[in-house]
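Each chain, written out:
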Amino acid sequence: PPEKSLWRQQTLHLTPGGAGVSLMRRNYRGGLRLLLLAALCVLLLACANIANLLLARGLRNRRQTAVHVALGSPRSRLVRSALVESILLAILGSLAGIAVAWAGARLILRLAYAHSAQSTWIPIHAAPSAPVLLFALAISLVTGVLFGVVPAWTTSRAQPIEAMRGTGRSIGAQRHWLQNALVIAQAALSLVLLSTAALLGQSLRNLEHRNLGFHPRGRYLVSIDPHASGIPQQQLVPLFQEIRQRLRVLPGVRVVAAVFEAPPGGWVSHSIRVEGQPAPPSTANSRSGWTRVTPGFFRTLGVPILAGRPITAADDASTRPVAVVSQAFARRFFGRHNPIGQHFGPASANNPALYTIVGVAANVAVENRLTQPTYYLPEAQTTRFGTPEAQRQELWSHDLYNIVLWAPGNPPRVPGQIKKALAAADPGLILYSTQPYSAVIRANFARQNMIASLAGLFGAIGLILAAIGLYGITAYSVEQRTAEIGVRMALGASRPRVIRLVLRGAFTHVAIGLALGIPSAIAAGALIASRLYGVAPWNPLLLAAATLLLALAAFLAAILPAQRAAAVNPTHALRSE
């Protein structure tokens, strides 16, 4: 078959993968660090819940502990027994967490490739490595010991005299200060998680609906690799001309163009020197991105030319080097002056008259920034530079890695026809994928989608843990105050008043946690500001929404124990006392 003969002509390049996929590691490093901090917050919330439960049970069994002390049991033995229980809980949780880690690793990869074509997936073994699992086990054991020490020490402080009287009188209706502190910390951490998840979610929504500067509907993006295909430099221009001719005659295809890297991917940037202007300082304001295109590129993407003309077939090796600049480029380097006919060049080449500006195009989003200065060079023109590095980049830029097609109406069998046309143009040309441009756009923010999805998951888990912790401490408080509530109701307190009493005690600590969590959430937003798109780190609406959600969860967690307290029979409560 013709495809089999084509495979025999292709070259397979292997790269060591022991340290991971370097491109993915570079792209996802910052986001995974953010998720690691979120996971740490969830771990602290879970540990706070366990500590609260152990402390509540220890205080409830305080009389029994006092009996053991009165009978001669050493306090060290009581502490050791409580610590063993805490460590066993940590080990059991770690064993259950292995399954969660296994599924979580697969979930992260699934989210990372959620919007990519399956043909572009990188085969990665999703199982967590042994060092990672051992590290997580060690963290679980350490946290189990740390959060089990204080409850164990507190319960061992029971005095023998307490064996002679009821625990209700010994500790009364007062809740332990450590329990209150844990509830406050849980509320603060939960608010930070919820606020961060809300910011990342809004940023993702802004990315999905951002202005790209072009129209992806009805367009296709073809990914190729002329360099790895071994195509000589002098054959690239005629090759792309033949590719354009073969693809242009496909049914439904109107315009075809090639580009070094299609937007919104990142483009190479360097400092710019404009003729007649002093040498710019080496700052970000003097830099511009650039790429190389074939004729018809702007029409193919639907990018309007605001002034001058686009790149045409007449811009070849026999004419003066020209460039089309973006509107952002014209504003940054020429202000209100007309850039048409002006000259510029790379500052490192020390040739400010290298390129002549023949047109100004509308801005196109590059790396999610619509206002980044950009200029476009014709594929058919090559310039000479004095330094080997500059010349290497110049030659490298002629290996155009993307082909864009405008085929409105989504004609059938487009990918298969494109594959056959490219094979006819050059059987050795490597073809990676053919995708609708809308799918490419979605895949472009797969990293943001993964981070926002997992941050939202951690926020939901944190909210649930905080609600469970508040429920547990409120239920424990109601149990300890059963006699007091019975007295109040015997003296005429109504059920709504008892409910308000319990809710007021619960929301006092939640309110303190929110007061501490709001500035912490603002600080967390400032730390992730570089990962936000179109949303301010300090967003009052999102912070208010997170605060209200946490307050609602706290109300639902506290209302059940409050209703149980209001249903207490005064006679039974006084008789039990």
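Residues numbered from 1 in each chain as written. Predicted model: local features only at pLDDT ≥ 70, side-chain atom pairs only at ≥ 80, totals over all residues. Heavy atoms only, no water.

Let's talk about the overall build of the protein
1) Next: Scanning the protein from terminus to terminus reveals 18 helices and 11 strands.
2) Next: Taking all 577 residues of the protein together, the buried fraction comes to 45%.
3) Next: Accessible surface, the protein: about 29,200 Å² in total, of which carbon and sulfur atoms supply 62%. (Helix = DSSP H or I, 4+ residues; strand = E, 2+ residues; numbered from the N terminus. Buried < 20%, exposed > 50% of the residue type's maximum accessible area, 1.4 Å probe, protein only. Areas by Shrake-Rupley, 256 points an atom, 1.4 Å probe, with all protein chains shown as cover.)

Topic: the nonpolar core
1) Next: Counting residues in each nonpolar core, the largest one holds 51 residues, and the members touching the most others are Leu200, Phe214, Phe297, Val303, Tyr376 and Tyr437.
2) Next: Going through the elements one at a time, helix 2 (22-60), helix 7 (177-208), strand 2 (255-259), helix 9 (297-301), strand 6 (322-326), strand 8 (355-361), helix 13 (437-444) and helix 14 (446-480) are the ones with two or more residues in this core.
3) Next: Here the element with the most residues in this core is helix 14; it accounts for 7 residues.
4) Next: Setting aside residues up to four positions removed in sequence, Phe297 forms contacts with Ala257, Ala258, Val259, Pro263 and Tyr376.
5) Next: Core analysis: the next-biggest nonpolar cluster, separate from the first, contains 30 residues, Ile473, Ile485, Ala546 and Leu550 among them. (Core = buried A, V, L, I, M, F, W, Y, C linked by side-chain atoms within 4.5 Å. Contact = heavy atoms within 4.5 Å.)

Concerning the pattern of salt bridges
1) Next: The final tally for this structure, using the stated rule, is 4 salt bridges.
2) Next: Arg246 serves as the salt-bridge partner of Glu242, at 3.1 Å between the closest nitrogen and oxygen. With Glu242 and Arg246 both in helix 8 (residues 236-248), this residue pair falls 4 residues apart, about one helical turn. (Salt bridge = Lys/Arg side-chain N within 4 Å of Asp/Glu carboxyl O.)

Some details on the packing of aromatic side chains
1) Next: Evaluation of the coordinates by the stated rule reveals 14 aromatic pairs.
2) Next: Counting every residue linked through ring pairs, the aromatic cluster contains Trp290, Phe329, Phe333, Phe334, Phe344, Tyr355 and Tyr375.
3) Next: The residue whose ring lies beneath Arg254 is Trp406, and the NZ or CZ to ring-centre distance is 5.1 Å. (Phe/Tyr/Trp six-rings, centres within 6.5 Å; stacked < 30°, edge-to-face > 60°. Lys NZ or Arg CZ within 6 Å of the ring centre and 35° of its normal.)

Some details on the packing of helix 16 (residues 495-527) against helix 17 (residues 540-566)
1) Next: Interaxial distance between helix 16 and helix 17 falls to 9 Å at its minimum, and their mutual angle equals 155°. It follows that helix 16 is roughly antiparallel to helix 17 by the angle criterion. At the point where helix 16 passes helix 17, the crossing takes the right-handed sense. Facing Arg495, Val498, Ile499, Val502, Leu503, Ala506, Phe507, Val510, Leu514, Ile518, Ala521 and Ile522 of helix 16, the residues of helix 17 in contact are Leu543, Thr547, Leu550, Ala551, Ala554, Phe555, Ala558, Ile559, Ala562, Gln563, Ala565 and Ala566.
2) Next: Its residues assigned to classes, the contact of helix 16 with helix 17 shows 21 nonpolar, 2 polar and 1 charged. (Axes fitted to C-alpha atoms, helices over the stretch in contact; angles between N-to-C directions. Parallel < 35°, antiparallel > 145°, perpendicular 65-115°, else oblique. Left-handed = near helix turned anticlockwise from the far one by under 90°. Nonpolar A, V, L, I, M, F, W, Y, C, P; charged D, E, K, R; others polar.)

Overview of the packing of helix 7 against helix 14
1) Next: Relative to each other, helix 7 and helix 14 sit at 155°, their axes nearing to 8 Å. As the angle between them shows, helix 7 and helix 14 are arranged roughly antiparallel. In this structure, helix 7 crosses over helix 14, and the sense of that crossing is left-handed.
2) Next: Of the residues belonging to the contact of helix 7 with helix 14, the class tally is 17 nonpolar, 10 polar and no charged.

Describing empty space enclosed by the protein
The method is simple in principle: a probe with the dimensions of a water molecule rolls over the atoms, and the space it marks as empty is what remains.
1) Next: This model, assessed by the stated rule, comprises 3 cavities of 30 Å³ or more.
2) Next: Here the largest cavity defines a volume of roughly 80 Å³.
3) Next: Around the largest cavity, the lining residues are Val183, Gln186, Ala187, Leu463, Ala466, Ala467, Gly469, Leu470, Val510, Leu550, Ala553 and Ala554.
4) Next: Looking at the lining of the largest cavity, the elements that each hand over two or more residues are helix 7, helix 14 and helix 17.
5) Next: At 5 residues, the largest contribution of residues to the lining of the largest cavity is made by helix 14. (1 Å grid on protein atoms, 1.4 Å probe; cavity = no way out; pocket = protein on both sides within 12 Å on 5 of 7 lines; lining within 4 Å. Points joined across faces, edges and corners; volume = space filled by probe spheres on them.)

What to know about the side chain of Thr196
1) Next: Following the sequence through the fold, Thr196 ends up in helix 7.
2) Next: Residue Thr196 is classed as buried on the basis of its relative accessible area of 12%.
3) Next: Those residues within four positions of Thr196 in sequence are excluded, and the remaining contacts are Ala524 and Ile528.

Describing unusual backbone geometry
1) Next: Geometrically, the link from Pro263 to Pro264 is a cis peptide bond, its omega value of 10° lying close to zero.
2) Next: Here Pro264 shows up in the loop between strand 2 and strand 3 (268-274).
3) Next: Phi at Arg413 is positive, roughly 60°, even though this residue is not glycine.
4) Next: Checked against the element boundaries, Arg413 lands in the loop between strand 10 (402-406) and helix 12 (414-425).
5) Next: Given a relative accessible area of 63%, Arg413 falls into the exposed group.

Brief notes about helix 12
In an α-helix, one turn spans 3.6 residues, which is why side chains three or four residues apart end up on the same side.
1) Next: The end-to-end C-alpha distance of helix 12 is 16 Å, a good match for the 16 Å that 12 residues give at a rise of 1.5 Å each.
2) Next: Against the buried residues of helix 12 lie strand 1 (219-225), helix 8, strand 10 and strand 11 (430-436). (Expected span 1.5 Å × (residues − 1).)

Description of helix 15 (residues 482-490)
1) Next: Among the residues making up helix 15, those that are buried are Ala483, Ile485, Gly486 and Met489. Along the long axis of helix 15, the arc covered by the buried residues comes to 160°, so they all point the same way.
2) Next: A positive phi of about 115° marks Gly492, the residue just after helix 15. (Arc of directions from axis to C-beta.)

Focus: a nonpolar patch on the surface
1) Next: The grouping of Val84, Leu88, Ile91, Leu92, Leu95, Ile98 and Trp102 at the surface amounts to a nonpolar patch, some 640 Å² of accessible area in total.
2) Next: You can see Trp102 is positioned in helix 4 (residues 75-112). (Patch = residues over 30% accessible without salt bridge, like charges linked within 9 Å, V, L, I, M, F, W, Y side chains within 5 Å.)

Thoughts on the environment of Phe240
1) Next: Inspection of the secondary structure puts Phe240 in helix 8.
2) Next: Between the C-alpha atom of Phe240 and that of Ile403, which follows or precedes it by 163 residues, the distance is 9.3 Å.

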